Each structure stands twice: as structure tokens, then as C-alpha cells.
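Spelled out, the chains give:
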Amino acid sequence: MQIRTFGVIGAGQMGAGIAQTAAVSGLHVILQDISEDFVGRGAALIRKNLARNCEKGRLSHDDFVAAAARIITTTDISAMKDADFVVEAASEVEKIKYEIFSQLDKHCPAHTILASNTSSIPIGRIAANTRRPEKIIGMHFMNPVPVMKLVEVIRALPTSEETFRTTLELSRIMGKTPAEAHDYPGFIANRILLPMINEAVFCLYQGVGSRESIDTVMKLGMNHPMGPLALADLIGLDTCLAILNTLHQGLGDQKYRPCPLLRQYVESGWLGRKSGRGFYDYSRDR
């Protein structure tokens, strides 16, 4: 199956990054969100990133103009009727995703593959909310999407071999390296990553070390490019909490129980970089 038009639901940081990557790879992109403000901010972020790549010589001016021209924005989800492949990149809330997939199932033609960028929710649950479970798959991009090479490709029990193979090929067309994961809560990446982040938060909560010490140990001692607390701020503390809740509920193991400090930060609106405050203060950046 040939993919010509690529849809993205959600124009936030992840959705905009996915749309940008698809457009640079030569696909025509439809970027949708629920308000003009959201899609406007997403489009502005894409142009800013493309312009930066152009200035640094990673992208020619002609390619910059062509990629930007391949993206159209809309607030109408029915516009996805023209898409061959759609990736949902909405909030990590099951109810929201179920509603989006129900709408996509109604508007998209029978051949369209519907993928979720979910970082933890089992794909089978999402597929059960459609009439095309064989065409539902997980396509979990890493943040920041234009830079990170990995895409986790998650097939549910009903996912067809054709859908799986098409998604693998699309990942490569977009310049990514696909890794197959089975359909368990958290898949591979977050089943390993989030317990580490959660344990770092517990270390801070219990006074084992300061935030700087915890991040320095992991950067210099374990050769991680970023400390776990700084990484949590980049991911978004609300997203980290949502993933841990999914792991805890889905696997029933106490080792996935979210640290009370993480929950307290989220309830206080300290969500990381996107809110200006998380484990670190980003108010100057904003």
C-alpha cells in the first residue's frame, strides 16, 4: 500500500514534530487540532524548526519551502477522509483517544490505517473502539520527533500483517528505525524508562540526594545524555504520571506505583518545561 497523504491528530509538540518529519520526507500532511489557536501554534513551531534547520545547513531553502507547503492545517477531523494513514498524537487519556478513533473510523475510507502515538495505552483497547481493528496499530515516536530515530511499532492481536508491514516501511520513509513491540502497557521504551524516572523522583522525595546530584549521577555515572528529572520535565510530568498509572493498573505490580511527589507536582500544575516549572525552573526560557 502506498502512502501519499498523512494525517496527524494533535498539533502539540509531538504532533507538530510528526507532521514536520512526514512533510520533510515528501508526504502531504493534514494537521488537525480542536482549535485554530492550537493548530496555529503547531504550524508556527514547525516553521520555526524548519527555518532553524535551514540556517544550520541541514535543509536547503528549496526543501524548507517545499516541506512547509506540503502541510495544511484544519480544526475539522472530517478532513482526514483524504488521508491514507493517520497518526493520533492527542493527550495520554484513554477516553480522548477512544473518541478520536471512533471519529476517524467514521470519516476515513476503508483503506486508511489508523495509528496511535500513545506511549503506554494498549493498542488492542483502542482497536476495539473501531470497526477496522485489523488496520489499527501503535506508532510511538520519541521526543523530539525530528531528531530521535526510534519508532516503536506496536501491533495488537487483530492488527493485520499488511498494516504492520506498511507501518514499518512508512517509518523508514520518514527516516526512522522501527522496533517491534508487543501490546503490553508501556510497551518496551516506557516500561523500562518510567520506573527509572519514578525511582529518581523517590530519591528526591526521600532526600537521598538533590535534583542536581541525582541527574549528575545518571549523566556522568551511567553516561545518560540527560538526567532522569530533567528528562521527566522534558516529557511532561503529567505524561509521566499518566504512563505510570497505566503501568500500575495494567500490570498490577506495586513497583510501578507513582511517587507521591510526582503526583503532587502534577496536581500543583508543575508539569515541566511546558508549564515553566517542574523539578527545575524554566520561567526564564518561557
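Residues numbered from 1 in each chain as written. Predicted model: local features only at pLDDT ≥ 70, side-chain atom pairs only at ≥ 80, totals over all residues. Heavy atoms only, no water.

Trainee: I'm lost on the pattern of salt bridges in this one. Help?
Mentor: When charged atoms on two side chains of opposite charge get close, those side chains can pair. One pass over the full model with this rule turns up 12 salt bridges. Its salt-bridge partner being Arg125, residue Glu94 comes within 2.7 Å of it at the nearest N-O pair. Here Glu94, found in helix α4 (residues 94–107), pairs with Arg125, found in helix α5 (residues 123–127); they are 31 residues apart in sequence, far enough to count as distant. The salt bridge involving Arg132 is made with Asp105; its shortest N-O contact spans 2.7 Å. Of this pair, Arg132 sits in the loop between α5 and β6 (136–141) while Asp105 is found in helix α4, placing the two residues 27 residues apart along the sequence. For Arg132, a relative accessible area of 6% translates into the label buried. (Salt bridge = Lys/Arg side-chain N within 4 Å of Asp/Glu carboxyl O. Helix = DSSP H or I, 4+ residues; strand = E, 2+ residues; numbered from the N terminus. Buried < 20%, exposed > 50% of the residue type's maximum accessible area, 1.4 Å probe, protein only.)

Trainee: In this structure, what is going on with the UniProt feature "site: Important for catalytic activity" (unreviewed entry) in the protein? I would like to understand it.
Mentor: Following the UniProt record, one finds the feature "site: Important for catalytic activity" (unreviewed entry) at His140. Looking at the secondary structure, you find His140 in strand β6. Given a relative accessible area of 6%, His140 falls into the buried group. Look past the residues within four positions of His140 in its chain and what remains in contact with it is Ser116, Asn117, Thr118, Ser119, Leu150, Val151, Glu152, Ile154 and Asn190. Of note is the side chain of His140, whose polar atom sits 2.8 Å from the side chain of Glu152. (UniProt positions renumbered as here; feature names shortened; annotations may be inferred. Contact = heavy atoms within 4.5 Å. Polar contact = N/O pair within 3.5 Å; in protein donor to acceptor, adjacent residues only side chain to side chain.)

Trainee: Which parts of the structure should I look at to understand the packing of helix α2 (residues 36–55) against helix α3 (residues 61–69)?
Mentor: To characterise two packed helices, one gives the angle between the axes of the helices and the distance between these axes. Running from N to C, α2 and α3 cross one another at 165°; their axes reach a closest spacing of 9 Å. With respect to their mutual orientation, α2 and α3 come out roughly antiparallel. By crossing handedness, the relation of α2 to α3 is classed as right-handed. Contacts between α2 and α3 involve Arg47, Leu50, Ala51 and Cys54 from the first element and His61, Phe64, Ala67 and Ala68 from the second. In terms of residue class, the contact of α2 with α3 is made up of 6 nonpolar, 1 polar and 1 charged. (Axes fitted to C-alpha atoms, helices over the stretch in contact; angles between N-to-C directions. Parallel < 35°, antiparallel > 145°, perpendicular 65-115°, else oblique. Left-handed = near helix turned anticlockwise from the far one by under 90°. Nonpolar A, V, L, I, M, F, W, Y, C, P; charged D, E, K, R; others polar.)

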